[in-house]
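A look at the structure
Residue-level listing of the chains:
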Amino acid sequence: MKIPLIAGIVGVLGGLSMLLFMTIPFNSTVARQPSASETNTQVVATVGTRTITLAQVEQAVALPLYQVDEQRARLLLESIHHLIDEELLSAEAARLGIPVPDLIERAGESEGVAKLADLPSPAYLAKKLSHKQTLSPAAHTPEEVSRIRQALLVQLRRQTKIQINLPPPKLPLLTVSDDDDPWTGTAQAPVTIIEFSDFECPYCRRSVPILKELLEKYPGKLKLVYRDFPGPNHQQALSAAEAAQCAAEQNRFWEYHDALFTKQAPANGWDFSALAEDLGLRQSPFDACMKEHRYRQEVLKDLQDGLQVGVTSTPTFFINGRPLVGARPLSDFQAIIDPLLNVPSSP
């Protein structure tokens with residue numbers, strides 16, 4: 001029988017593979033994994049005579065990689081809760097010997113579920129229908145079915161012991177300079193919070209009272225440093241940052257900082273000179289400072305430093321080098337600060 005050319009080649013290659021397998025001694029030793037120190041010093045690129053190590057690359061992208069890990073953790077947690085819900089419904093339906101859709105329909109007849117779902121009382125509806133015996137109860141709308149399902153799950157969760165053991169993503173430890181920027185709090189505090197912020201950012205404004213509450217809650221324990229990160233889509237953010245630095249010349253940075261956020265109005269912007277006058281700053285030195293753009297390079301250096309450590313949005317905080325991104329509640333700050341101060345976590 002004539003063997004096709006491709007089949008013949010495959011056969012020859014197969015024979016060579018078997019021959020090589022039989023003639024080369026088999027080594028059962030598992031290849032040694034590189035140690036952490038070896039991995040960190042691993043050269044991943046060269047530029048002329050200079051080398052770039054894996055540790056350098058990982059440090060450069062540590063913040064965005066952590067944000068990816070945070071997103072992954074959020075998706076995993078959402079999936080866990082979805083699977084818990086499905087398990088609760090399936091178990092309850094099996095206990096009653098009915099399908100899940102019938103379970104939800106029956107739950108709609110419960111006074112407790114109706115109250116949780118913010119729906120009319122089933123007893124009231126039944127009484128209302130008793131006067132119109134020719135009419136059957138109206139079917140629930142899809143929105144009502146969804147609310148009944150959620151209310152039923154609230155009840156089932158209250159009755160069931162649920163434990164979630166998903167570990168949080170590991171916080172990277174980044175080196176972030178305070179660059180001798182304006183600060184408040186305690187100079188030699190054990191915890192330093194470096195904030196990259198934008199005076200035109202509404203989320204940064206939302207963080208101002210949280211930061212003040214932190215300083216009150218941890219007297220003598222915190223140092224808060226403000227660094228500029230004016231967004232390219234905020235037209236007055238750069239000038240506002242310069243104005244705050246000009247106010248700092250007169251030791252009035254934090255008053256001006258608060259005034260900028262209090263009077264934040266993206267549609268109208270600020271009158272920086274008038275704001276300085278309202279705060280009682282010496283007008284002539286302030287106006288001269290603004291006219292010369294005396295602190296523009298300082299503001300742009302903050303922006304560049306932020307980009308180098310991976311900042312892409314405001315506000316971004318570094319708590320002793322540990323990142324926290326976005327307008328966060330007080331508890332998120334405490335979750336990082338308390339272990340640094342050896343404060344026991346709340347039960």
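All values derive from a computational prediction rather than experimental measurement.

**Here's the deal with the nonpolar core**
Among the nonpolar cores identified, the biggest contains 23 residues, and Phe199, Tyr256, Leu260, Phe272 and Phe286 are the most heavily contacted of them. Contributions of two or more residues to this core are made by α9 (202-217), α10 (237-248), α11 (253-262), α12 (272-278) and α13 (283-292). Other than its neighbours up to four places away in sequence, Phe286 contacts Ala243, Cys246, Ala247, Gln250, Tyr256, Phe272, Ser273, Ala276 and Leu281.

**So, the pattern of salt bridges**
One pass over the structure, following the stated rule, counts 19 salt bridges. Close ionic contact of Asp85 with Arg157 constitutes a salt bridge, the shortest N to O distance being 3.0 Å. Of the two residues, Asp85 sits in helix α4 (residues 62-96) while Arg157 sits in helix α8 (residues 142-159), which places them 72 residues apart along the sequence. For Asp85, a relative accessible area of 12% gives the class buried.

**Quick notes on the pairing of strand β7 (residues 322-325)**
Two elements, strand β6 (residues 316-319) and β7, share 4 bridges in a ladder whose sense is antiparallel. Considered in β7, the bridge of Phe318 is made with Pro323. Where β6 folds back on β7, the antiparallel hairpin that results is connected by 2 residues, among which Asn320 adopts a positive phi of roughly 50 degrees.

**Some remarks on the confidence of the model for the protein chain**
A low pLDDT means the predicted coordinates there should not be read in detail. For the protein chain, the average pLDDT comes to 87, and 83% of its residues sit at 70 or higher. Long-range and interchain partners of residues 1-30, a stretch whose pLDDT sits below 50, account for 1 contact in this model, where long-range means more than four residues apart.

**A closer look at the side chain of His234**
Topologically, His234 is positioned in the loop between β5 (222-228) and α10. Looking at His234, its side chain comes within polar contact range of the side chain of Asp198, at 2.7 Å. Those residues within four positions of His234 in sequence are excluded, and the remaining contacts are Asp198, Glu200 and Cys201.

**Focus on the sheet that holds β6**
Here 5 strands make up an open sheet; going across it, the order is β3-β5-β4-β6-β7 and the pairing mixed. Two strands close off the open sheet at either side, each with one partner strand: β3 (183-185) and β7. Each adjacent strand pair in this sheet contributes to an overall mean axis angle of 20 degrees, direction not counted. Pairing of β3 with β5 involves 3 bridges; the strand directions are antiparallel. Counterpart to Trp183 in the pairing with β5 is Val225. The strands touched by helix α15 (residues 330-340) are β4 (191-197), β5, β6 and β7; relative to β7, the strand with the most contacts, the crossing angle is about 165 degrees.

**Let's talk about the environment of Asp198**
Note that Asp198 resides in the loop between β4 and α9. Judged by its relative accessible area of 2%, Asp198 falls in the buried class. As for Asp198 and Phe261, which are separated by 63 residues in sequence, their C-alpha atoms are 9.5 Å apart. What Asp198 contacts, discounting residues up to four positions off in sequence, is Cys204, Tyr226, Phe229, Pro230, Gly231, His234, Ala237, Phe261 and Thr314. In this structure the side chain of Asp198 is engaged in a polar contact, spanning 2.7 Å, whose partner is the backbone nitrogen of Glu200.

**As for the packing of aromatic side chains**
For the structure on display, the rule yields 10 aromatic pairs. Plain terms: the ring middles of Phe196 and Phe318 are 6.0 Å apart, the flat faces sit at 85 degrees to each other, and that makes the pair edge-to-face. Of this pair, Phe196 sits in strand β4 while Phe318 sits in strand β6, placing them 122 residues apart in sequence. Like Phe196, the residue Phe318 is buried in the burial classification. Ring geometry for Tyr226 against Phe253: centres 5.5 Å apart, planes inclined by 55 degrees, an arrangement best described as tilted. A residue pair is termed long-range when its members are at least 10 positions apart, and Tyr226 in strand β5 and Phe253 in helix α11 qualify at 27 residues. Given the relative accessible area of 0%, Tyr226 is considered buried. Taken together, the ring pairs connect Phe199, Tyr226, Phe253, Trp254 and Phe261 into an aromatic cluster.

**Notes on a nonpolar patch on the surface**
On the surface, a cluster of nonpolar side chains totalling about 440 Å² of accessible area is made up of Val44, Val47, Ile52, Val57, Val61 and Leu65. Tracing the chain through its elements places Val57 in helix α3 (residues 54-60).

**Brief notes about unusual backbone geometry**
A cis amide bond, omega -5 degrees, links Thr314 with the succeeding residue Pro315. Within the fold, Pro315 resides in the loop between α14 (296-308) and β6. A positive phi is found at Asn251, a non-glycine position, where the angle reads about 55 degrees. Tracing the backbone through its elements, the reader meets Asn251 in the loop between α10 and α11.

**Notes on α8**
Because the α-helix completes a turn every 3.6 residues, residues three or four places apart line up on one side. Its 18 residues give α8 an end-to-end C-alpha distance of 26 Å, which sits within 8% of 26 Å, the value for a rise of 1.5 Å per residue. Lining the buried residues of α8 we find α4, α5 (100-107) and α6 (111-116).

**Thoughts on the packing of α4 against α8**
At a minimum axis separation of 10 Å, α4 and α8 run at an interaxial angle of 85 degrees. Taken as axis vectors, α4 and α8 run roughly perpendicular relative to one another. In contact with His81, Ile84, Asp85, Glu86, Leu88, Leu89 and Glu92 of α4, α8 contributes Arg149, Leu152, Leu153, Leu156 and Arg157. Of the residues that constitute the contact of α4 with α8, the class distribution is 6 nonpolar, 1 polar and 5 charged.

Thresholds applied
Residues numbered from 1 in each chain as written. Predicted model: local features only at pLDDT ≥ 70, side-chain atom pairs only at ≥ 80, totals over all residues. Heavy atoms only, no water. Core = buried A, V, L, I, M, F, W, Y, C linked by side-chain atoms within 4.5 Å. Buried < 20%, exposed > 50% of the residue type's maximum accessible area, 1.4 Å probe, protein only. Helix = DSSP H or I, 4+ residues; strand = E, 2+ residues; numbered from the N terminus. Contact = heavy atoms within 4.5 Å. Salt bridge = Lys/Arg side-chain N within 4 Å of Asp/Glu carboxyl O. Pairing = 2+ DSSP bridges. pLDDT = per-residue confidence, 0-100. Polar contact = N/O pair within 3.5 Å; in protein donor to acceptor, adjacent residues only side chain to side chain. Axes fitted to C-alpha atoms, helices over the stretch in contact; angles between N-to-C directions. Phe/Tyr/Trp six-rings, centres within 6.5 Å; stacked < 30°, edge-to-face > 60°. Patch = residues over 30% accessible without salt bridge, like charges linked within 9 Å, V, L, I, M, F, W, Y side chains within 5 Å. Areas by Shrake-Rupley, 256 points an atom, 1.4 Å probe, with all protein chains shown as cover. Expected span 1.5 Å × (residues − 1). Parallel < 35°, antiparallel > 145°, perpendicular 65-115°, else oblique. Nonpolar A, V, L, I, M, F, W, Y, C, P; charged D, E, K, R; others polar.

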